[in-house]
Amino acid sequence: MGLRANHFHMKYLPFTLLLAVYLFSCNMQEPIEPDPSEEEDPKEELQYYFPPTSGNEWESTSTNELEWNEEKLQELYTYLENQNTRAFIVLKEGKMVVEKYWGRTITDDADFGPTSNWYWASAGKSLTALNVGIAQEEGLLDINQPSSTYLGNNWTNLTREEEDKITVWNQLTMTTGLDYEVSDLDCTEPSCLNFKAEPGTQWFYHNGPYTLLEKVVSQASGLTYNAFTNNRVEEKVGMNGAWISSGYNNVYWSTARDAARFGLLILNEGRWENEAILQDSSYFQAMVNSSQELNPAYGYLWWLNGKSSVILPGLPTGYNIAVAPKAPSDLFAAMGKNGQIIDVVPSQDLVVVRMGNAPENSLVPIIFHNDMWEILSGAMNL
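Quick summary incoming for the structure in this document.

1. Section: the sheet that holds strand 9 (residues 332-336)
- Across the sheet, which stays open at both edges, the six strands sit in the order 2-1-11-10-9-8 with antiparallel pairing between neighbours. A strand with exactly one partner marks an edge of an open sheet, and here the two such strands are strand 2 (95-101) and strand 8 (303-304).
- With six bridges joining them, strand 1 (residues 85-92) and strand 2 adopt antiparallel strand pairing. Of the residues in strand 2, the one forming a bridge with V90 is V98.

2. What to know about the sheet that holds strand 4 (residues 242-246)
- Taken in spatial order, the three strands make up an open sheet running 3-5-4, and their pairing is antiparallel. At either margin of the open sheet sits one strand with a lone partner, and together these are strand 3 (118-119) and strand 4.
- When strand 3 meets strand 5 (residues 249-254), the two strands line up antiparallel, connected through two bridges. Residue pairing for strand 5: W118 is matched across the bridge by S254.
- The strands touched by helix 9 (residues 225-237) within the sheet are strand 4 and strand 5, with strand 4 carrying the most contacts at an inclination of about 155°.

3. Quick look at helix 3 (residues 70-82)
- The end-to-end C-alpha separation of helix 3 is 18 Å, in line with the 18 Å expected for 13 residues at 1.5 Å each.
- Among the residues of helix 3, L73, L76, Y77, Y79 and L80 are the ones counted as buried. The buried residues of helix 3 occupy an angular sector of 165° when projected down its axis, which confines them to one face. Across from the buried face of helix 3, at angles greater than 90 degrees, the exposed residues are E71 and N82.
- On its buried face, helix 3 sits against strand 1, strand 2 and helix 12 (366-379).
- Put simply, N69 is the residue that caps the front of helix 3, since its side-chain oxygen is 3.0 Å from the backbone nitrogen of E71.
- At the exit of helix 3 stands N84, carrying a positive phi of roughly 65°.

4. Quick look at unusual backbone geometry
- Residue M174 is not a glycine yet carries a positive backbone phi of 65°.
- Structurally, M174 is set in the loop between helix 7 (168-173) and helix 8 (207-221).
- Notably, E273 is not glycine yet its phi reads approximately 55°, a positive angle.

5. Describing the pairing of strand 1
- Judged by how many residues are buried, strand 1 sits mostly within the fold: eight of eight residues are covered.
- Pairing geometry for strand 1 and strand 11 (residues 350-356), over seven bridges, is antiparallel. Bridge pairing in strand 11 places L91 opposite V351.
- Between strand 1 and strand 2, which pair antiparallel and follow one another directly, the connecting turn spans two residues, one of which, E93, has a positive phi of 55°.

6. Here's the deal with the side chain of E163
- Looking at where E163 falls in the secondary structure, it is placed in helix 6 (residues 160-163).
- Among the polar contacts made by the side chain of E163, one reaches the main-chain amide nitrogen of W155 at a distance of 3.0 Å.
- If we skip the residues at most four places from it in the chain, E163 touches S148, G152, N153, N154, W155, T156 and L158.

7. Brief notes about the side chain of H369
- Within the fold, H369 resides in helix 12.
- At a separation of 2.8 Å, a polar atom in the side chain of H369 contacts the side chain of D343.
- Ignoring anything within four residues of it in the chain, the contact list for H369 reads V323, A324, L331, A333, M335, I341 and D343.

Calculation criteria
Residues numbered from 1 in each chain as written. Predicted model: local features only at pLDDT ≥ 70, side-chain atom pairs only at ≥ 80, totals over all residues. Heavy atoms only, no water. Pairing = 2+ DSSP bridges. Helix = DSSP H or I, 4+ residues; strand = E, 2+ residues; numbered from the N terminus. Contact = heavy atoms within 4.5 Å. Axes fitted to C-alpha atoms, helices over the stretch in contact; angles between N-to-C directions. Expected span 1.5 Å × (residues − 1). Buried < 20%, exposed > 50% of the residue type's maximum accessible area, 1.4 Å probe, protein only. Arc of directions from axis to C-beta. Polar contact = N/O pair within 3.5 Å; in protein donor to acceptor, adjacent residues only side chain to side chain.

Function cannot be read off these values alone, since they describe shape.
And the structure:
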């Protein structure tokens, strides 16, 4: 146990040092608060634009119309290109304001563009959160039921009594209590899933229990995970992505425009035009607000800005910072390895998408994310 613990802490020591630099650089500043004059419910006043579910048509709004700072925008584009970005999209009220591409495709056989696919990494977790909510709304599952209801007995290496305490809700909130001091956090084999703490008493970004949520949905619905996603979400909003297996993981791939469509669906609280993709408003609100007290910056597989503290991936304890101090406080985000980001900002009616390779000197996207927002906020005069 001692050797394993030492190995674990040494593994994340470089990240801890990098985080210290981040804490100093952001100087503990509070996130940008929404303008009180804009706090009335935009859903009552504003009808978002939704692009057609087929074809390439997407209405746009120019940065000049919005009176954004062009000099700051150019600074942002240079920064993004220098940080290995492939795609960057900004939607305002559903309309395309910025759509930029750089570099080459993942196979390096063409320039990256609107039809190029890229991996979402852990940003795909937020799509899974939506799928779970849809499955529950249809009566296929109940997130408060033991996970063994859908995964069967012995999906972990726990006793039957211990295993039955873990619910689907625990999987959604990263509070299963399963041991994170293991050689492979992606492993979904029962031998990798051992007891460490009572469910709900420990928060750790553990990928294995998350990945098994896909099996929960598949077992409950009788469909493959790709089929469920396509039937319940993709066909209805015009997305054309796919889940592709990679080792223990199941990674979602799509174009940046598909990611923007997903962000727009979430900005409109689960509705695409007049169709409710997710009608359960209580689940939606739980998904994009603090799901537990251990890590208030985490909902149901969504990262939440403007909270008093955050526990970051790979670390067992929290820090008294917001996810992105330079961004609007009501921002919530789907975020993945190497800077895959889908930001939703209700107070500004914004969706921001970034796809690409790892930003320079960044182990996780939090530092890059904040720096990106510092420039973007200046460009939008927030």
